[in-house]
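In case you want the letters, here they are:
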Amino acid sequence: MSATPTSMTSAAPTAASEGRRPSASVLRRAFRFPTVRVGLVLVLAVFLFAFLGPYFAPHTTTEFVGRPFQGPSSDALLGTDQLGRDVLSRLMWGGRSILWMAVASAFLGVGVGAALGLIAGYTPKIDNLIMRPLEVIQGFPALVLILLFTALLGPKVWLIILLVALFNVPSVARVTRGMTLDIASRDFVAAAQVIGFPRRHILYREVLPNISTPLFVELGLRITYGIAITAALSFTGNGLQPPSTDWGLLLNENRTAMAIQPWPVIAPSVLIATFAIGVTLLTEGVSRTMARVDREPGT
Amino acid sequence: MNGVEVTDLRVELDANGADIVDGVGFTVAVGEIVGVVGESGSGKTTVGTALLNGTRRGAQTTAGSIRLDGDELSALDENGWRRVRGKKIAYVPQDPTAALNPALRLRSQLKEMLDTHEPHMSSEDQDERIRASLREVKLPDTDEFLKRYPHQVSGGQLQRICLAMAFLLRPRLIVLDEPTTGLDVTTQAHVLDTVRELCANHSVAALYITHDLAVVGTLCDRVLVMYAGRIVESGVVSDVFDSPMHPYTRELLTSIPDLKVPRVLHAIGGYAPRPGNRPPGCAFAPRCRMATELCTTDPPLVHVGPGHDSLCHYAKDLEAATHRDWEIKPVRVVAENAILSARNISAFYGSTQVLHDVTVEVSRGECVALVGESGSGKTTLSRVIIGLLAPRTGEVTFDGETLSPKAGGRRREQRQRIQYIFQSPYSSLNPRHSIGRIIESPIGLLFDVPRAECTRRAEEAIEMVGLPAATLDSYPGDLSGGERQRVAIARALACEPTVLVCDEITSALDVSVQAGIVSLLDRLQKELELSLIFVTHNLALVRSVADRVAVLQDGRLVEAGATATVLDAPAHEYTKALLNDTPTMTDAIDLDPVAIDPKTATL
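Residues numbered from 1 in each chain as written. Chains lettered and ligands numbered in written order. Predicted model: local features only at pLDDT ≥ 70, side-chain atom pairs only at ≥ 80, totals over all residues. Heavy atoms only, no water.

**Quick word on the overall build of chain A**
Alright, step 1. Of the regular secondary structure elements, chain A holds eleven helices and zero strands.
Alright, step 2. Ordered by position in the sequence, the α and β elements of chain A form the string α-α-α-α-α-α-α-α-α-α-α.
Alright, step 3. For chain A, contacts bridging at least 24 residues in sequence account for 73% of all contacts bridging at least 6.
Alright, step 4. Carbon and sulfur atoms provide 69% of the accessible area of chain A, an area that totals close to 13900 Å². (Helix = DSSP H or I, 4+ residues; strand = E, 2+ residues; numbered from the N terminus. Contact = heavy atoms within 4.5 Å. Areas by Shrake-Rupley, 256 points an atom, 1.4 Å probe, with all protein chains shown as cover.)

Below, the structure written as structure tokens:
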């Protein structure tokens, strides 16, 4: 995806050289928005909590530290769960799997979807061949189908990642195809065709760099979607199995006692919401900057 | 006085207080059409919109007075302006497709104006006024026409609707901002004619903003030449064009091709300074051949003749010159052996046939111009030649061999020897690639040379088109339109072509930049013995660049021959009409009012 300049002549820096890579400058400009900074802080905070959490957790996930559904105490800061295990520790351990699944499925889905969208948008002949089957996939209710497969094949991490990615593919492909259609009609693509560059070169060198920023935004959206769906899977019992822990599972196991011990429900919800809001602020700011950059006339 | 009187207008950027225009003052009498000319960035549009108290985002009018029929307007608040705008001062935009609401029928758009400014008018009166306005601009006034949406009428008709809308409320001043830029010559001639008639009939003062001096020559009474936000010369059109008394005007006039004479075009070196970067004193001094120490001080406004002023220290010292003294390009003799020929080409877009059995040949070292209005198929033909569109019938041969219809099927050497330059330099360069990469990657593909050699050739090519080698490190977004087009030319030249196909390559550029590109191609043609296929709608430009001309109409070749023959003694009616409609600088021809039947007009 990189578009590093191939020529680095020893030329003295021109007035132009501060512009550098346009996509990089979009990100840099985006960080001037306070909302983008807040988003970044939120996302990083949740990531740090999830990935460093296990090293700092006061207890293991299976250790019994008190009676079930105990309120917060000095030993269990967020109280205990339905079996008397420490909620905070289970929360700190339970983020890795859900974030890992969401991020992996988002990358996989955006990667495959973008590749299909690029090909479909650039090659009218096989456009239908690619897009119509994807619409069929989109026609199915994602969650129901994922539940069906996990019930059939067992709740395996790789299966969940694959299924969530599969349901990410159609919409990513559609967005990519639309942008590709636009870019492919520009003259610089025709110029590359005239010179005789192969299709692979045109797609990855000419088109892709021009749609990489919106794809980045799409990646963010897909991560949030992945979080929601993996949490939902755990919640319905088709994700990770006890005694392992994850934020969706925590919700499910403890929702019966919400009135007396709300922490095992509130804490993971807050984390998931924080993460989703962070990703949204971040990507929204980036796309807004992008629109602004696009509107600016060339000097 | 009657008409409009502007004094000391200043518009500045909010960010740093830099002036976009400053010290601008002029008058437009009732019934008079005053042209404002200047290159992009000269502030001409800013002056036009300032008359409606509009500025682009981030700028505001900070000084000056605008008096309309004796009433001071600059003191008005936004509400006051709202009553003036459209009612007393009307505006005709450059791009009518962007100015009209695509979701409203024509009647609703016109009626909106009356509803806003004449709320008490009865609907019968409104209807009568709308129909009268349409008749005035020679459009049909039928219900069927009024029911149409903007996309259902042609570009020329849309511009007429904008004119009708502007004149609907019988304004006192009308500002026309390059209203014919997107139109082809025949349509332009009709629109200009309408403008002139309306201004005379309704005694409206008109300010006509354009970069096309030939249009000013045929339409306007007086002209204001703008440079870097100042009016540098003003006067009656014939005075200014025949004896320009400002060095900038003089240079500008030598950069313009003329329909009648094959002139050698001269580019003005350097660039117009941007707001905030303007040098003290005369802003043109850094590019001026006659500049001295004195030019770093503010130049005085010198009266050089009746109603003719020049903002230059040396205005009085400039010798009177006329454009008839300008350098004439010698006729070249070209051997008659075709290097590339497109024979019996018929091409379709979907089921629409756009080319009918067209044959065009170009010899080694020759420049053949393809001319015609938009939709005549000239770009399609060039795309067939380059292999972007496969013809239904006919074939393209190059150096004795038949070429594959698609570029992908052509041999590497063939792709290398025929190069194409696109119309718009804004879309032909990948914005995410550095200039170095843009020029080098074709070299890498077409020649078996190491990386370092690619870089060296790219440097050579970029210097050949007059840009510093450091440009290779910049991105298209850092460059101006003219610089980008030079990069596109460098990309083509780096491939060492035999034939260069140029598709309207100067239409997006200022005249002085156009002159630079044209003289560059001219030089390269001599040095490298290039063959050029030069697609253009600009007949005046053809006179300066082409050895032979092929005229296309509706996808058919209607006339072809040596440039001088075709332009001086056109045989085909269509060529005659094109020539008649092209405004020329040499003798500001008077356009006869064109009789158009409003019922059948389909411009």
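**Here's the deal with the overall build of chain B**
Alright, step 1. If you tally the helices and strands in chain B, you get 20 helices and 22 strands.
Alright, step 2. Against the 2.2 N^0.38 benchmark of 25 Å for 603 residues, chain B shows a C-alpha radius of gyration of 25 Å, consistent with a compact globule.
Alright, step 3. Buried residues in chain B amount to 57% of all 603 residues.
Alright, step 4. Here the contacts in chain B between residues at least 6 apart in sequence split such that 68% fall between residues at least 24 apart.
Alright, step 5. Approximately 23500 Å² of chain B is accessible, and the part contributed by carbon and sulfur atoms is 50%.
Alright, step 6. Each charge class in chain B can be summarised by its mean position, and for the 62 positive and 79 negative side chains these summaries are 5 Å apart. (Rg over C-alpha atoms; globule rule 2.2 N^0.38 Å. Buried < 20%, exposed > 50% of the residue type's maximum accessible area, 1.4 Å probe, protein only. Lys, Arg positive; Asp, Glu negative; His and termini not counted. Charge placed at Lys NZ, Arg CZ, Asp CG, Glu CD.)

**Quick look at the pattern of salt bridges**
Residues and elements named next belong to chain B.
Alright, step 1. Scanning all chains against the criterion turns up 48 salt bridges over all chains.
Alright, step 2. Of the charged contacts, one joins Asp 522 and Lys 526 as a salt bridge, the two residues approaching to 3.4 Å between their closest N and O atoms. Residue Asp 522 and its partner Lys 526 are both found in helix H17 (residues 511-528); the two are separated by four residues, about one turn of the helix.
Alright, step 3. Exposure remark for Asp 522: the relative accessible area of 17% places this residue in the buried category.
Alright, step 4. One continuous salt-bridge network, built from bridges that share partners, spans Asp 399, Glu 401, Arg 411, Glu 413 and Arg 417. (Salt bridge = Lys/Arg side-chain N within 4 Å of Asp/Glu carboxyl O.)

**Here's the deal with the confidence of the model for chain B**
Residue and element names in this part refer to chain B.
Alright, step 1. Across chain B, pLDDT averages 86, with 94% of residues at or above 70.
Alright, step 2. Considering each helix and strand of chain B separately, the mean pLDDT is smallest for helix H3 (residues 96-99), with a value of 82, and largest for strand E18 (residues 418-421), with 94.
Alright, step 3. Below a pLDDT of 50 lies the segment residues 588-603, which in the model reaches 33 contacts outside its immediate sequence neighbourhood of four places, other chains included.
Alright, step 4. ipTM for the predicted complex: 0.74, alongside a pTM of 0.76. (pLDDT = per-residue confidence, 0-100.)

**Some points on the confidence of the model for chain A**
Alright, step 1. The pLDDT averaged across chain A works out to 82; a share of 89% of its residues lies at or above 70.
Alright, step 2. Contacts of residues 1-20 of chain A to residues separated by more than four positions or lying in other chains number 33 contacts, the stretch itself having pLDDT below 50.

**Here's the deal with the packing of aromatic side chains**
Alright, step 1. Under the defined criterion, the tally for this structure stands at six aromatic pairs over all chains.
Alright, step 2. On the basis of an interplanar angle of 50° and a centroid distance of 4.5 Å, the ring pair of Tyr 227 of chain B and Tyr 248 of chain B is categorised as tilted. Remark: Tyr 248 of chain B occurs in helix H11 (residues 247-254) and Tyr 227 of chain B occurs in strand E9 (residues 222-227); sequence separation between them is 21 residues.
Alright, step 3. Measuring from ring centre to ring centre gives 4.7 Å for Tyr 420 of chain B and Phe 422 of chain B, while their planes differ by 80°; the resulting arrangement is edge-to-face.
Alright, step 4. Tyr 420 of chain B sits in the buried class, given a relative accessible area of 6%.
Alright, step 5. Every member of this aromatic cluster is reached through a ring pair, and the members are Phe 47, Phe 51 and Phe 275 of chain A. (Phe/Tyr/Trp six-rings, centres within 6.5 Å; stacked < 30°, edge-to-face > 60°.)

**Focus: the pairing of strand E12 (residues 308-311) of chain B**
Residue and element names in this part refer to chain B.
Alright, step 1. Side chains His 308 and Ser 310 project from E12 onto one buried face, and the interleaved Asp 309 and Leu 311 project onto a second face that is buried too.
Alright, step 2. With four bridges joining them, strand E11 (residues 301-305) and E12 adopt antiparallel strand pairing. Along E12, the bridge assignment pairs Leu 301 with Leu 311.
Alright, step 3. The hairpin turn running from E11 into E12, its antiparallel successor, is two residues long, and Gly 307 in that turn takes a positive phi close to 65°. (Pairing = 2+ DSSP bridges.)

**Comments concerning the sheet that holds strand E13 (residues 338-349) of chain B**
Residue and element names in this part refer to chain B.
Alright, step 1. Within the open sheet, the four strands sit side by side as E14-E13-E16-E17. Their pairing is antiparallel. If you trace the sheet from one side to the other, it starts and ends with strand E14 (352-363) and strand E17 (401-402), each paired once.
Alright, step 2. Looking at chain direction, E13 and strand E16 (residues 393-398) are connected through five bridges and run antiparallel. Considered in E16, the bridge of Arg 343 is made with Glu 395.
Alright, step 3. Across the sheet, helix H12 (residues 378-386) is in contact with E13, E14 and E16; its angle to E13 comes to roughly 115°. (Axes fitted to C-alpha atoms, helices over the stretch in contact; angles between N-to-C directions.)

**Thoughts on the side chain of Asp 309 of chain B**
Residue and element names in this part refer to chain B.
Alright, step 1. Note on placement: Asp 309 falls in strand E12.
Alright, step 2. Of the buried charged residues, Asp 309 lacks a salt bridge, with Arg 222 as the closest side chain of opposite charge at 7.3 Å.
Alright, step 3. For Asp 309, the side chain forms a polar contact with the side chain of His 303, separated by 2.5 Å.
Alright, step 4. In contact with Asp 309, other than residues within four places in its own chain, are Val 232, Glu 233, Ser 234, Leu 301, Val 302, His 303 and Val 304. (Polar contact = N/O pair within 3.5 Å; in protein donor to acceptor, adjacent residues only side chain to side chain.)

**Topic: the sheet that holds strand E19 (residues 499-503) of chain B**
All names here are of chain B.
Alright, step 1. With mixed pairing, six strands are arranged side by side in an open sheet as E18-E19-E20-E15-E21-E22. Two strands in the sheet have a free side with no partner beyond their single neighbour: E18 and strand E22 (556-562). Between one strand axis and the next, the sheet turns through 15° on average, direction left out of account.
Alright, step 2. Judged from the four bridges that link them, strand E15 (residues 367-371) and strand E21 (residues 548-553) form a sheet pairing that is parallel. Counted as the bridge partner of Leu 370 is Ala 550 from E21.

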